Amino acid sequence: MPDREELLRELERRDEEILRLRDLLLVKERELGQALGRLRELEDLSRSFMALAARVQARVPGTMRVVGAGLRRVQGRRGPDGG
Amino acid sequence: MAEPRFSVLTPVYETPEDVLWAMLESVRTQTFADWELCLVDDCSQDPAVQRMLERAAAEDPRIRFRRREDNGGIVPSSNDALAMAGGEFVALLDHDDELHPDALAHVHEALLGEPEADYVYTDEDKIDRGGHHSGPFLKPDWSPERMRTQMYTCHLSVLRRSLVEEVGGFDPEFEGSQDWDLVLKVTERAREVLHVPRVLYHWRMLETSAAGGGEAAKPWAFEAGKRAVQAHCERIGLEAEVERDTADSGVYHLRPRLREQPLVSIVIPTGGQSRDIRYERQVLVTHCVRSIVERSTYGNYEIVCVADTSTEVGVLRELEEIAGERLRLVEFDRPFNFSEKVNVGAVRSEGEHLLLLNDDIEVATPDWIERMAMYSSLAEVGAVGGRLVLQDGRLQHVGVRFEDGLPGHPYHGYSGDYKGYGNAVLVAQNCLAVTGACLMTRRELFEEVGGLSAGFPLNYNDVDYCLKLRQLGKRSVYDPDLTMIHFESSSRSSEVEKWEKELLRERWLPFTAVDPYSNPYLRHEMPRLTSPFAWARRRRPRLRRRLPKGQRA
């Protein structure tokens, strides 16, 4: 049966570990926040491009098909190695 | 010769031939013809400069040229050009920049619509030696608070000549930022300031210019800018010290230097909810109040907690322990209505300024109250808000922007170091509204507009309040230098109901259909991808009007 002193020491160790893990979580949370923030930026930009593409497509039907075909032709000429 | 509408002032010094010619040509080809160009050569050593200017003056009677006998610098040259001017308005054009062909025409049109305007500014972009355009700066309408932290109006600036002369022209004390100083002085007295939201000025990027070389090109200019803003603050009685941004040379910050500390009542509506804050279960309101008491440097404040009757007694006792005599507890026993809760708190408070604060806020900036009071004390300011971030550091609020009549938080969820378009996140500026999660306002204004509208019990009561202030002619201010951590919508669902949107639109659409602090060519605070096509579009020549059938010959 562990004595009182031992139990108190164990409790202290676990409290310290909790604080250490919490601090680590907070650091990781900040890093994740940075990444999430950058992702949000890129998503908004991509939405703008998609909206523009949709507007172009609405005015000139078939545009995206033509652009896509052109892109595929260029990629085909380049070959699988891009050369 | 009759007085021209515009006098274009251009001090010249050692300008490369090709860009000098481009500048001259951009004025000569203006579609609006009623101008004069006042050129002052500041004793350039390159004979080609004088030759080109003399020839330009010989070929066009609207072009006037004077050569200084000694090299005095840009301020004396600019003042010499001003002395030559006879126009009703002066337009500032640097010797290596270009005007859009319709620049003066658009400015003239704007002035016809608003004859009392004393200052007009336009949007601008950058142009390199090869004539390629980039970096458009699409500006908001007149924002006095932004003008103190960023020379955002910059080019093209057109000022009423009589007012320029009244303030003494260009001041040599602020050489390098003499334009900024002049605009600050003129706008202190201007009856009306107009913004033409079109890119009408092209700022040449050369290594020697601020457009191309930044602070490295003209370091003294940025120090002069600091002094110019400081002098302006002193003139208007704004109790602040101006500081330069450590990273961005064109950005400045105001640090409050209050002579007095009027009583501020911090009103916190609460229901005593808990949530995990930094992975530890906490009662929101006690965490909030503890952060106020432990971190605030302001001495004269009281905390008015408006608590639901369901709030645990233990929470109230803990609040009393934390805040002591600063605390005033008010019981709220009605059905939930955030606006009513705040109004009840305001009635039971005594401060000259009311600071509305959500219970899910943590103070991060020690002089947050001083910063808010600095702006709130200005007669023309109605509401002040700050920069709110989420627990993970991402942006939550940097001022409210309207699109299609509805408010939104630009850059919500972006990383905390995001600067925003045109450094919008870093500079103080005006908005149509700021969030009520952290909002300071003067009690007299709060009472005059009837506090928060109970008709918005949950969402949009803050936006509605700020718009009521705007109706009174009061501005809302976003201060980027006060940061709060917002554990967003921990207490209640943030989903906005359809009826709330409809009510807001119904009440305020004439004010919010077009957000003056955004720009017609911005969408979600980024330039629309199609905007270059709009900027490149020239004015169509006036078509012959076709008479109605009965009047035709």
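Only a predicted model underlies this, so the values are computations on that prediction, with no experimental measurement involved. (Residues numbered from 1 in each chain as written. Chains lettered and ligands numbered in written order. Predicted model: local features only at pLDDT ≥ 70, side-chain atom pairs only at ≥ 80, totals over all residues. Heavy atoms only, no water.)

1. Side note on the overall build of chain B
(1) Moving on: Looking only at helices and strands, chain B has 17 helices and 27 strands in total.
(2) Moving on: A compact globule built from 553 residues should have a C-alpha radius of gyration of about 24 Å, and chain B, at 27 Å, falls within 12% of that.
(3) Moving on: Counting only C-alpha atoms and orienting by the principal axes, one finds that chain B spans roughly 90 × 65 × 40 Å.
(4) Moving on: Taken over 553 residues, chain B has a buried fraction of 60%.
(5) Moving on: Surface accessibility of chain B: about 23,000 Å² in total, with carbon and sulfur atoms responsible for 48%.
(6) Moving on: Across chain B, the centroid of the 68 positively charged side chains sits 6 Å from that of the 91 negatively charged ones. (Helix = DSSP H or I, 4+ residues; strand = E, 2+ residues; numbered from the N terminus. Rg over C-alpha atoms; globule rule 2.2 N^0.38 Å. Buried < 20%, exposed > 50% of the residue type's maximum accessible area, 1.4 Å probe, protein only. Areas by Shrake-Rupley, 256 points an atom, 1.4 Å probe, with all protein chains shown as cover. Lys, Arg positive; Asp, Glu negative; His and termini not counted. Charge placed at Lys NZ, Arg CZ, Asp CG, Glu CD.)

2. Let's talk about the packing of helix H7 (residues 178-189) of chain B against helix H9 (residues 219-236) of chain B
Each pair of packed helices can be described by the angle between their axes along with the distance between the axes.
Residues and elements named next belong to chain B.
(1) Moving on: At a minimum axis separation of 9 Å, H7 and H9 run at an interaxial angle of 15 degrees. The orientation of H7 with respect to H9, classified from their angle, is roughly parallel. Read as a crossing pair, H7 and H9 show a hand that is right-handed. Along the contact surface, H7 presents Trp 180, Asp 181, Leu 184, Lys 185 and Glu 188, while H9 presents Gly 225, Ala 228, Val 229, His 232, Arg 235 and Ile 236.
(2) Moving on: The residue inventory of the contact of H7 with H9, partitioned by class, reads five nonpolar, two polar and four charged. (Axes fitted to C-alpha atoms, helices over the stretch in contact; angles between N-to-C directions. Parallel < 35°, antiparallel > 145°, perpendicular 65-115°, else oblique. Left-handed = near helix turned anticlockwise from the far one by under 90°. Contact = heavy atoms within 4.5 Å. Nonpolar A, V, L, I, M, F, W, Y, C, P; charged D, E, K, R; others polar.)

3. Regarding the interface of chain A and chain B
(1) Moving on: Every contact between the two is made by 16 residues of chain A and, on the other side, 16 residues of chain B.
(2) Moving on: On the chain A side of the interface with chain B, the three residues burying the most area are A:Arg22, A:Glu29 and A:Arg40, jointly 30% of the side's total.
(3) Moving on: Where chain A touches chain B, the interface holds one salt bridge.
(4) Moving on: In this structure, B:Glu280 engages A:Arg22 in a salt bridge whose closest nitrogen and oxygen atoms are separated by 3.1 Å.
(5) Moving on: Between chain A and chain B we count seven residue pairs in polar contact (both at pLDDT 80 or more) in total.
(6) Moving on: Split into classes, the residues belonging to the side of chain A that touches chain B amount to five nonpolar, four polar and seven charged. (Buried area = accessible area lost by both parts, 1.4 Å probe. Salt bridge = Lys/Arg side-chain N within 4 Å of Asp/Glu carboxyl O. Polar contact = N/O pair within 3.5 Å; in protein donor to acceptor, adjacent residues only side chain to side chain.)

4. Let's talk about the packing of aromatic side chains
Each aromatic ring pair is specified by the distance between its two centres and by the angle formed by the two planes.
Residue and element names in this part refer to chain B.
(1) Moving on: Applying the stated criterion across every chain yields a total of 11 aromatic pairs over all chains.
(2) Moving on: Where Tyr 411 meets Tyr 414, the ring centres are 5.5 Å apart and the plane angle is 55 degrees; that geometry is what we call tilted.
(3) Moving on: For Tyr 414, a relative accessible area of 4% puts it in the buried group.
(4) Moving on: Three or more aromatic residues joined by ring pairs make a cluster, and in this case those are Phe 6, Phe 32 and Phe 89.
(5) Moving on: One cation-aromatic arrangement involves Arg 146 over Tyr 152; the distance from NZ or CZ to the ring centre is 5.5 Å.
(6) Moving on: Across from the ring centre of Tyr 301, 3.9 Å away, lies the NZ or CZ of Arg 326, which sits over that ring. (Phe/Tyr/Trp six-rings, centres within 6.5 Å; stacked < 30°, edge-to-face > 60°. Lys NZ or Arg CZ within 6 Å of the ring centre and 35° of its normal.)

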